[in-house]
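# Structure assessment
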Amino acid sequence: MKLFDPSLRVNLNKHNFELDAFIFLDVEASGLGSGTFPIEVAYASSIGDKNEFLIKPTNDWLNHGTWCSNAEHDIHKISREMLIENGVNVLDVANAMNMALRGELVLCNDLDYDGVWLTQLFKAANIGVQFTLTDMRYLYEYWGEDKANAFKKAYESIVAITCHRALPDAEHFVKAFKRVASNCNR
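In what follows, the accompanying structure is described. (Residues numbered from 1 in each chain as written. Predicted model: local features only at pLDDT ≥ 70, side-chain atom pairs only at ≥ 80, totals over all residues. Heavy atoms only, no water.)

## What to know about the pattern of salt bridges
Side chains that differ in charge, positive against negative, can pair when their charged atoms come close. Inspection of the entire model under this criterion finds three salt bridges. For the salt bridge of Arg 165 with Glu 40, the shortest nitrogen-to-oxygen distance reads 2.9 Å. Of the two residues, Arg 165 sits in the loop between α7 (145-157) and α8 (166-184) while Glu 40 sits in strand β2 (residues 38-45), which places them 125 residues apart along the sequence. Owing to a relative accessible area of 21%, Arg 165 belongs among the partly exposed residues under this scheme. (Salt bridge = Lys/Arg side-chain N within 4 Å of Asp/Glu carboxyl O. Helix = DSSP H or I, 4+ residues; strand = E, 2+ residues; numbered from the N terminus. Buried < 20%, exposed > 50% of the residue type's maximum accessible area, 1.4 Å probe, protein only.)

Rendered as structure tokens:
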């Protein structure tokens, strides 16, 4: 079963990365420390595809995982009760992600966190991953300093309506990408 390996580096080049196919994924978790688990995942693309899932915690996560009350109250505002009542089971989430992203190169903001949480999700679902996840820092290297700085500036200039929810965060990165891409095409 293919799992995410945050130490794996995907070298971006003109053969594996098309600027019109920017896909960004974000994961919210029960906290940032050891024992935390994914609670929400979303992706958004520059061509308008997007989806989000509240993740129903597994019994193992509920019984042995770490829940950070501060994150619940001050960051993502997602309660355990909300996840238990409205969350989608891990197998359905993993299958939906694979169906939508199969064969795609998907970017995330921090592979060291997002990769670990996605590994937990797919491992709990007991299915392999059918897309490749890599870190934005590798896109910055591929673009070079000027374009990376333009992206970061565009990202910072966009007013975030909702922070620390997976879909709005993913869409924020896509909006910044579109600004940089449109400036490059002029």
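Here the narrative resumes.
## Examining the packing of helix α6 (residues 136-143) against α7
Viewed as axis vectors pointing N to C, α6 and α7 meet at an angle of 130 degrees, and their least axial separation amounts to 6 Å. Considering their axes alone, α6 and α7 lie oblique with respect to each other. Side by side, α6 and α7 meet where Met 136, Tyr 140 and Trp 143 of the first sit next to Glu 145, Lys 147, Ala 148, Phe 151 and Lys 152 of the second. Considered class by class, the residues forming the contact of α6 with α7 number five nonpolar, no polar and three charged. (Axes fitted to C-alpha atoms, helices over the stretch in contact; angles between N-to-C directions. Parallel < 35°, antiparallel > 145°, perpendicular 65-115°, else oblique. Contact = heavy atoms within 4.5 Å. Nonpolar A, V, L, I, M, F, W, Y, C, P; charged D, E, K, R; others polar.)

## Points about α7
Helix length check: α7, at 13 residues, gives a terminal C-alpha distance of 18 Å against a target of 18 Å (1.5 Å per residue), a fit within 8%. Looking only at α7, the buried set comprises Lys 147, Ala 148, Phe 151 and Ala 154. For α7, the arc enclosing every buried residue in end-on projection is 125 degrees, short of the 170-degree limit, so these residues lie on one face. Residues of α7 that are exposed and point more than 90 degrees away from the buried face comprise Glu 145, Asp 146, Lys 153 and Glu 156. (Expected span 1.5 Å × (residues − 1). Arc of directions from axis to C-beta.)

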